[in-house]
Amino acid sequence: MSVSAVAADPSVCAPLAVLGRDVTVPLVTGGEVSYAALDYAASAPALQRVWDDVAAYAPYYGSVHRGAGYLSQLSTDLFENSRKTVAEFLGCREGDQVVFTRSTTDSLNLLAAALPADCQVFVFETEHHASLLPWRDARVTYLNAPRTPDEAVHTLERALADRDPYGPALVCVTGASNVTGELWPVRELAAAAHAHGARIVLDAAQLAPHHPVSIEELDVDWVAFSGHKLYAPFGSGVLAGRSDWLRDAEPYLAGGGASRKVARRADGGVDVEWHDTAARHEAGSPNVIGVYSIASACKALTDAGFDELVAREQHLIRTVREGLAEVPQVRILSLFGDDAPRVGVISFVVDGWNSSHFAAALSAEYGIGVRDGLFCAHPLVRTLLGSEPDEPGECGAPEAAPGEKSLNAIRVSFGAGTPDEHVERFVRAVKELVADGARWSYRTEDGRCVPDTGAAV
């Protein structure tokens, strides 16, 4: 076996160490089991390396860009070096800016606030709400869900060619669906956008934790992602890309750090000179811990080797998809079909089961954490389920009781920290629940399905 073959063999690529890997949870049927965290698409567990890096820095925590003291200077260097690390991780071009935000949602709202006048925005209905909703002050064209990657490109080309008037335009597209896990043809969509005089922003929230992302190679104008999906703690995000729209826009937040000079006028008012660097949109004391954790995660994933991580994840994807295919009552949701390349995100429905009931049973009886609902991508899930727009169903709060039909799905997601045992337990649990039913009684409480206390079937 060649060296490259060994490196790509998932059996020799161990899962990365993550927090919570030794946590045990109680089962309603008695006893405890190690928790199988299979909701990475919502929030991935923090890497142990990231946590260790943050803990090592914590005693040296100080104000950023604000002080002359040693800890302040050290924290400022760490903050700005983290910016460089993220730029390298994303393959930024010369002149690109890396702006630190709170999340993907915050990043895209920042970009929405920086759009030039009369900008048109084009977005597929398949997007997460973080990409679908921020464009409130722009003219938005929502594109129907494509059923092939080629259809996605052709749909965008037609929409851009038909726009009137022919002015500034922005396309917003996901790199990997948070519902189906399918990879989108980002490079081809970027080429189509640029051919028609438009720019493109990539929502990489689900892509960056699973695949290398290069702004230069994909030829996108901006990339947005969240730290909490990239194995870092909550509360940090990134918007990286071209500086001109960001430099020309009013600051996202007005305050200290965004301003270079503030002076009183003779008439009693205030004149402000704003920064034209990333600081323009980073007003206030920055989240230096969050920023450093993102940089640490970027380094950890790079050092681990994306080729090996991708190979191992594909092994897990095959385990889940082949296992679910053996259960006739299970239908996996997909836009592009079984052969589409994808990351470790799989959504499905089970005939005869309310999705909330099924997810509750996985948790209570098997110690498996998954997601149920519409995954903050309501139009996409409704399209995949073939539902009418007014059918009931909410993001994470299904209304139907156990045994009743609901407009929701179940999502299992995993990544670099997932042990084989977790996905094997999941597949086994699905087969047992479908074949034998739940071993416990459940009820609806505050919109969620929960086990009845002391009420075994």
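Reading the values: rules and limits
Residues numbered from 1 in each chain as written. Predicted model: local features only at pLDDT ≥ 70, side-chain atom pairs only at ≥ 80, totals over all residues. Heavy atoms only, no water. Helix = DSSP H or I, 4+ residues; strand = E, 2+ residues; numbered from the N terminus. Rg over C-alpha atoms; globule rule 2.2 N^0.38 Å. Buried < 20%, exposed > 50% of the residue type's maximum accessible area, 1.4 Å probe, protein only. Lys, Arg positive; Asp, Glu negative; His and termini not counted. Charge placed at Lys NZ, Arg CZ, Asp CG, Glu CD. Pairing = 2+ DSSP bridges. Axes fitted to C-alpha atoms, helices over the stretch in contact; angles between N-to-C directions. Contact = heavy atoms within 4.5 Å. Phe/Tyr/Trp six-rings, centres within 6.5 Å; stacked < 30°, edge-to-face > 60°. Parallel < 35°, antiparallel > 145°, perpendicular 65-115°, else oblique. Disulfide = S-S within 2.5 Å. pLDDT = per-residue confidence, 0-100.

Let us now look at the overall build of the protein chain. Of the regular secondary structure elements, the protein chain holds 14 helices and 19 strands. Computed over its C-alpha atoms, the radius of gyration of the protein chain comes to 23 Å, within 12% of the 23 Å expected for a compact globule of 457 residues. Its C-alpha atoms put the protein chain at 80 × 55 × 55 Å along the principal axes. A total of 457 residues make up the protein chain; the buried ones form 54% of that total. Where the 38 positive side-chain charges of the protein chain centre and where its 61 negative ones centre are 4 Å apart.

Read across the sheet, 4 strands follow the order β13-β14-β17-β16 without closing on themselves; strand pairing throughout is antiparallel. This sheet does not close on itself; its edge strands, each paired only once, are β13 (330-332) and β16 (371-373). Neighbouring strand axes in the sheet, compared pairwise and without regard to direction, differ in orientation by 30° on average. Sheet strands touched by helix α11 (residues 306-325): β13, β14 (345-350) and β17 (409-413). Its angle to β14, the strand with the most contacts, is close to 15°.

Enumeration over the complete set of coordinates arrives at 11 aromatic pairs. The interplanar angle of 65° and the centroid separation of 6.5 Å between the aromatic rings of Tyr57 and Tyr61 together place this pair among those described as edge-to-face. Take Tyr57: its relative accessible area is 4%, and that puts it in the buried class. Centre to centre, the rings of Trp184 and Phe336 are 5.5 Å apart; their planes meet at 55°, and the pair counts as tilted.

Moving on: helix α4 (residues 104-113). Among the 10 residues of α4, 7 are classified as buried, and the element is accordingly described as predominantly covered. Of the positions making up α4, those classed as buried are Thr104, Asp106, Ser107, Leu108, Leu110, Leu111 and Ala112.

It is worth spelling out the packing of α11 against helix α14 (residues 420-436) at this point. One can describe the packing of α11 onto α14 by two numbers: an axis separation of 9 Å at closest approach and a directional angle of 10°. Comparing the axis directions of α11 and α14 gives the class roughly parallel. From α11, Arg312, His315, Leu316, Thr319, Val320, Gly323 and Leu324 reach across to α14, where they touch Asp420, Val423, Glu424, Phe426, Val427, Val430 and Lys431.

Moving on to the state of the cysteines. Tallied over the entire structure, the rule returns 0 disulfides. Of all cysteine sulfurs, the one in Cys92 lies closest to Cys298, which takes part in no disulfide; the gap is 10 Å. A relative accessible area of 1% means that Cys298 is categorised as buried.

Next up on the list: the environment of Asp351. Here Asp351 shows up in the loop between β14 and α12 (355-366). For the pair Asp351 and Val450, spaced 99 residues apart in sequence, the C-alpha to C-alpha distance is 20 Å.

In this section: the confidence of the model for the protein chain. Summarising the model, the protein chain shows a mean pLDDT of 92, and 92% of its residues fall at 70 or more. Within the model, the stretch residues 1-8 combines pLDDT values under 50 with 4 contacts to residues more than four positions away or in other chains. pLDDT under 50 marks residues 394-398. Its contacts with residues more than four places away, or in other chains, come to 21 contacts.

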